[in-house]
Amino acid sequence: MTTQVPDLIFYNGKITTLNRAQPVAQAVAIKDGKFLAVGSDAEVMPLATEKTRCIDLKGKGVLPGLFDNHTHIIRGGLNYNLELRWDGVRSLADAMAMLKAQVDITPAPQWVRVGGGFTEHQFVEKRLPTIQEINAIAPDTPVFILHLYDRALLNGAALRAVGYTKDTPNPVGGEILRDSKGNPTGLLLA
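Once a new chain begins, its residue numbering starts again from 1 and follows that chain's sequence as written. Two thresholds apply to this predicted model, a pLDDT of at least 70 for residue-level local features and 80 or more for giving and counting side-chain atom pairs, whereas whole-chain, interface and lining totals are computed over all residues. The side-chain values count all of the structure's non-hydrogen atoms but skip hydrogen atoms and water molecules.

## Points about the overall build of the protein chain
And step 1. Of regular secondary structure, the protein chain possesses five helices and 13 strands.
And step 2. Across its three principal directions, the C-alpha atoms of the protein chain cover 75 × 35 × 30 Å.
And step 3. Expressed as a percentage of its 190 residues, the buried residues of the protein chain come to 33%.
And step 4. The contact definition used throughout considers only heavy atoms, calling two residues in contact when any of these lie within 4.5 Å. Within the protein chain, contacts between residues separated by at least 24 positions form 53% of all contacts whose residues are at least 6 apart in sequence.
And step 5. Areas reported here follow the Shrake-Rupley algorithm with a probe of radius 1.4 Å; residue values treat only the protein chains shown as occluding. Total accessible area on the protein chain is roughly 12000 Å²; 57% of this is exposed by carbon and sulfur atoms.
And step 6. Under this rule, positive means Lys or Arg and negative means Asp or Glu; His and the chain ends count for nothing. A single reference atom marks each charge: NZ on Lys, CZ on Arg, CG on Asp, CD on Glu. Looking at the protein chain, you have 20 positive and 19 negative side-chain charges, and the mean spots of the two groups are 1 Å apart. A helix here means a DSSP run of H or I that spans at least four residues, while a strand means a run of E at least two residues long, and both kinds are numbered starting from the N terminus. Residue burial is assigned from relative accessible area. The probe radius is 1.4 Å, only protein chains are included, and a residue is buried under 20% of its type maximum, exposed over 50%, and partly exposed in between.

What follows is the structure, encoded as structure tokens:
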């Protein structure tokens, strides 16, 4: 394996390696922030010396530290309690009941926002709500429903709040869907 002395060994774990040839390891040895060895406890532990810090994972799973420079930490932290989440909701009827309950407790002029972590395929009805259904639940409360980050549904109150009319141009890279008279329907495409 290696003749270098590791600074750190994690052992007795279920370590996801992202290596197709060896997707899970029991132990890893690290020196100066780099992996020296990946394998079983029997393969890695002999590398330890009195200078090596050894951490028993007690059978727990470990994932590699992945860095994603596209995160929504601030938005998520500031708005998490202000957004309705439909993740995992099994039916559109349940989602609409949740929306109605949120509309009922949302003071004017606040918006009700549904975050984008859902798909119509999770609903037993296999469809998104219609603008008419949203308008029926929230005729005066602006509602913004983000669907998979590629489209948004705005009810009539939301269209009025942002001032979208038949004269509003499409945003760069997006489209405001319109009815046969050119009026915004409430569906925005990215």
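## A closer look at the pattern of salt bridges
And step 1. A pair is scored as a salt bridge if a Lys or Arg side-chain nitrogen falls within 4 Å of a carboxyl oxygen belonging to Asp or Glu. For the structure on display, the rule yields six salt bridges.
And step 2. Put simply, Lys31 and Asp7 hold a salt bridge, and the shortest N to O gap is 3.8 Å. Of the two residues, Lys31 is situated in strand 4 (residues 27-31) and Asp7 in the segment before strand 1 (8-11); the sequence distance between them amounts to 24 residues.
And step 3. Here Lys31 falls in the partly exposed class, since its relative accessible area comes to 24%.
And step 4. In this structure, Arg85 engages Glu83 in a salt bridge whose closest nitrogen and oxygen atoms are separated by 3.8 Å.
And step 5. Using a relative accessible area of 26% as the deciding quantity, one classes Arg85 as partly exposed.
And step 6. Within the structure, one salt-bridge network assembled from shared partners comprises Glu83, Arg85 and Asp87.

## Side note on the domain arrangement of the protein chain
And step 1. With domains assigned, the protein chain is organised as domain 1 (8-62) and domain 2 (73-189).
And step 2. Boundaries of every domain are those given by an automatic assignment or by a domain database. For domain 1 and domain 2, the distance between their C-alpha centroids amounts to 47 Å.

## Things to note about unusual backbone geometry
And step 1. Following Ala108, the chain continues into Pro109 via a peptide bond in cis, with omega recorded as 5°.
And step 2. Relative to the helices and strands, Pro109 is located in the loop between helix 3 (92-105) and strand 9 (112-114).
And step 3. In this structure, Leu18 takes a positive phi of about 65° despite not being glycine.
And step 4. Position of Leu18 relative to the elements: it lies in the loop between strand 2 (14-16) and strand 3 (24-25).
And step 5. Backbone geometry at Lys58 places phi at a positive 55°, although glycine is not the residue there.
And step 6. Structurally, Lys58 can be placed in the loop between strand 6 (53-56) and strand 7 (61-62).

## Brief notes about the sheet that holds strand 9
And step 1. Pairing is mixed across the open sheet formed by six strands, whose spatial order is 8-9-10-11-13-12. In this open sheet, the two edge strands, each paired with only one partner strand, are strand 8 (83-84) and strand 12 (175-178).
And step 2. Every axis corresponds to a line fitted to the C-alpha atoms, with the helix fit spanning only the stretch in contact, and the corresponding angles, defined between N-to-C directions, vary from 0 to 180 degrees. On the sheet, helix 3 packs against strand 8, strand 9 and strand 10 (143-147) and is oriented at approximately 150° with respect to strand 9. The rule for pairing is simple: two strands pair if DSSP sees at least two bridges between them.

## Structural notes on the pairing of strand 13 (residues 184-189)
And step 1. Where strand 11 (residues 151-154) and strand 13 come together, three bridges link them in antiparallel fashion. Paired with Arg151 across the strands is Leu189, a residue of strand 13.
And step 2. Here three bridges tie strand 12 to strand 13, and the two strands are oriented antiparallel to one another. The partner of Glu175 across the bridge, within strand 13, is Leu189.
And step 3. If you look at the hairpin formed by strand 12 and strand 13, you'll find five residues sitting between the two strands, and Gly182 has a positive phi there, around 90°.

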